[in-house]
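# Commentary on secondary and tertiary structure
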Amino acid sequence: MILEKGVNVRFEARLDQNSLPGGARQIAAQYDLLYYKLTIASPQPFQLVIKTFYFPGWWATVNGKRVPITPTDPDQLITLPVPAGQHTIEIGFGST
């Protein structure tokens, strides 16, 4: 992403690798300022943790279907349920 001529901005990976269960893996990832897209394969369902502070307005989908977001305790990071299998996960920020 280029904000102004000659200034490149790189976005850090937001997936908390520690939230992946054994045998799960990240296949692809795309991170922008207020939008993340991940492809993850897991042999079992789990709660995915994203290293972004929860705030009203964040939304998430798994394979295009909305899923609930909850904040971790006490850090208030975004978490969402991911079923077993390979899934495309999108997380974005909209209006509050």
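Residues numbered from 1 in each chain as written. Predicted model: local features only at pLDDT ≥ 70, side-chain atom pairs only at ≥ 80, totals over all residues. Heavy atoms only, no water.

Here the focus is the overall build of the protein. When helices and strands are tallied, the protein shows 0 helices and 10 strands. Reading the helices (α) and strands (β) of the protein from amino to carboxyl end gives β-β-β-β-β-β-β-β-β-β. Per-residue burial over the protein gives 36% buried out of 96 residues. Relative to all contacts within the protein whose residues are 6 or more apart in sequence, the contacts with residues 24 or more apart total 56%. Total accessible area computed for the protein in this model is approximately 6000 Å², and 52% of it derives from carbon and sulfur atoms. (Helix = DSSP H or I, 4+ residues; strand = E, 2+ residues; numbered from the N terminus. Buried < 20%, exposed > 50% of the residue type's maximum accessible area, 1.4 Å probe, protein only. Contact = heavy atoms within 4.5 Å. Areas by Shrake-Rupley, 256 points an atom, 1.4 Å probe, with all protein chains shown as cover.)

On to the pairing of strand 4 (residues 35-42), then. Of all 8 residues making up strand 4, 6 are buried, and the element is well covered by its neighbours. Where strand 3 (residues 25-31) meets strand 4, 6 bridges bridge the pair, whose relative direction is antiparallel. Pairing of A28 across the sheet is with T39, part of strand 4. Connecting strand 3 to the next strand, strand 4, in antiparallel fashion are 3 residues. Across 8 bridges, strand 4 lies against strand 10 (residues 85-93) in antiparallel orientation. Bridge pairing links K37 to E90 in strand 10. (Pairing = 2+ DSSP bridges.)

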